[in-house]
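Summary of the model geometry
Here is how the chains run, residue by residue.
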Amino acid sequence: MQPLRRRLISSSRLYHSYDHPAPPAATFNQVETAILDASLPHIPTYGFTQTTLLRGARDAGYLDASTNIFPRGPFTLIHYHLVIQRLSLAKQSHILQRSNSNEQPLSIASKVKALTWARLMGNKDIVHRWQEALALMAQPTNVTTSVVELSSLADEIWFLSGDTSVDSSWYTKRASLSTIYASTEVFMTTDKSHGFEETRNFMDRRFSDAQNLGVALGSLNQWVGFTAHAGLNILRSKGIRL
Amino acid sequence: MATFRKSPFPASQWLIRDFLAPSLIPRTSRTIRCLSTTSNSAAAVSPTEPSYEPQRRIPSSGEEAATSSAPLKKSLTQAQRDFLTSALRVNQAGELAATLIYKAQTPVVVAAHPHLRPLMKHMYDQEVSHFSTFNALVAKHRVRPTAMYPVWTVMATALGWGTALMGREAAMACTEAVETEIGSHYNEQVRYLLEMVENMEREGQDIGDELKTLVETIRRTRDEELEHLDHAVENDAKDAVPHTALVEFIRAGCRGAIWVSERV
Ligand SMILES: [Fe+2]
Ligand SMILES: [Fe+2]
């Protein structure tokens, strides 16, 4: 448990420098990146498998044996997919910079929703392969990386949307978005509707559920604060020096 | 403290001696709050993280992929990022606590000693400004806030309220204890950062405004904390009974809270 906790805490959410940015996708080295990049087009056909890695290695001009540099095999392919899909969200300028019809910039909540949808659509071409990917991600050796990636995705979406809250809601926001994303992603793998319409409805319902929950939690906080304050005032009115 | 402020050292040596004495260099920008905006400045900053496009052309070699996005300035090391992460997290937690302590103390202290109203307000306002400064930095640099946030909220309020009920001297002793710990903690951060900047300069690296401003912000905050410490002592913190036990108790509590906030 200790190494897992340490990794969860220390590997994610480190100081992000603008002047001295971290090297790009330090998770993968140059050769790995080249092979993985070349493997991506083969995923729709061969899935997240050793075959895809082999094809990618050949396309990138490496020997078949070079796939030995991936001790975790096909899971590395999944990890790579997760990373590049997450990082590509920053380029969704039509969401991040767009104004809607009234020339009003999108609200934080609408950006979160739009980015979540954009990320789900990043799975569009490989969705028929995603259940096998989910099974691999859930294996004990891979589950840490998968969970860290999921929480990084939630963090990325809130950050890009311009949310700056740094109190306890930082945690609840990321936790609820992770839950919404993960459940919608699973739903999507069984969705046969045109343009993933049903997935869209499913996601919208999850967001409004979360909103209602948020309102309930918010008013609970307010109520506790109000009651404590009122209680203090009553004691003061009784002449107690507080 | 007062003797340090009339320092004979020439200004050119501040870089080396800064950590020895809090306020060797008289600063003129005390009233300027360049960073204490609450606006969502982080939202305006477009992310600079380089990213891979899923559909981009396959690079013919690994080198091509690597050289196309070389950063202008050298990346921070893992240790430096670790340090900055826990520094921002612990500073935000500390300022949260300071804000709540003064907020809880003020009505009680001012009711008994109306002449302290301007001083309490002055110190509270400065804490609010520190708090929003570090809130903005934590958001901008994508640092996870402390998981103990609700716990510190309750404990700081209880501490402020409790010491205020024990009287003005105890309230001031609380300020003395807290500001001593926070002040020396900020001092350690300034020392580390100046060392880091010095090493980077020696290697011929471009420091960049981000780090320079950060050092300046922490140093200014530290000076204001030590000012609070002076105010506390001027207002008879030492007359609290039992002064030493109370101060030591609160200081130990602060050290524990700092230790925890740096990690969780
Ligand atoms: Fe402060
Ligand atoms: Fe202070």
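The notes below deal with the structure included here.

Conventions used here
Residues numbered from 1 in each chain as written. Chains lettered and ligands numbered in written order. Predicted model: local features only at pLDDT ≥ 70, side-chain atom pairs only at ≥ 80, totals over all residues. Heavy atoms only, no water. Phe/Tyr/Trp six-rings, centres within 6.5 Å; stacked < 30°, edge-to-face > 60°. Helix = DSSP H or I, 4+ residues; strand = E, 2+ residues; numbered from the N terminus. Buried < 20%, exposed > 50% of the residue type's maximum accessible area, 1.4 Å probe, protein only. Salt bridge = Lys/Arg side-chain N within 4 Å of Asp/Glu carboxyl O. Donors = N, O, S within 2.8 Å, 3.2 Å for Na, K, Ca; no water.

1. Structural notes on the packing of aromatic side chains
Across all of its chains, the model carries 6 aromatic pairs over all chains by this definition. Both rings, one in phenylalanine 187 of chain A and one in phenylalanine 202 of chain A, keep their centres 4.4 Å apart while their planes meet at 15 degrees; by these two values the pair is stacked. Placement of phenylalanine 187 of chain A in helix H10 (residues 169–188) and of phenylalanine 202 of chain A in helix H11 (residues 197–237) is noted, with a sequence separation of 15 residues between them. Judged by its relative accessible area of 24%, phenylalanine 187 of chain A is partly exposed. On the accessibility criterion, phenylalanine 202 of chain A (13% relative accessible area) is buried. When the ring of phenylalanine 134 of chain B is compared with that of tyrosine 186 of chain B, the centres are 6.1 Å apart and the planes differ by 15 degrees; the resulting orientation is stacked. Separated by 52 residues along the polypeptide, phenylalanine 134 of chain B in helix H6 (residues 117–140) and tyrosine 186 of chain B in helix H8 (residues 168–202) bring together distant segments of the chain.

2. A word on the pattern of salt bridges
Residue and element names in this part refer to chain A. Tallied over the entire structure, the rule returns 19 salt bridges over all chains. A salt bridge links aspartate 204 to arginine 200; its shortest N-O distance comes to 3.8 Å. Of this pair, aspartate 204 and arginine 200 both sit in helix H11, separated by 4 residues, roughly a single helical turn. Assessed through its relative accessible area of 29%, arginine 200 is described here as partly exposed.

3. Points about the coordination of the iron ion (ligand 1)
All names here are of chain B. Ligation of the iron ion (ligand 1) by protein atoms is provided by Glu95 (OE), Glu95 (OE), Glu127 (OE), His130 (ND1) and Glu225 (OE), these donors lying 2.0 to 2.7 Å from the ion. Along the chain, the residues that donate to the iron ion (ligand 1) are spaced as E-x31-E-x2-H-x94-E. Here the iron ion (ligand 1) and the iron ion (ligand 2) are spaced 3.7 Å apart, and both take glutamate 127 as a donor. Taken as a pair, glutamate 95 in helix H5 (residues 78–112) and glutamate 127 in helix H6 lie far apart in primary sequence, 32 residues in all. What makes glutamate 95 buried here is its relative accessible area of 0%. A relative accessible area of 0% means that glutamate 127 is categorised as buried.

Just geometry here; none of it tells us what the structure is for.
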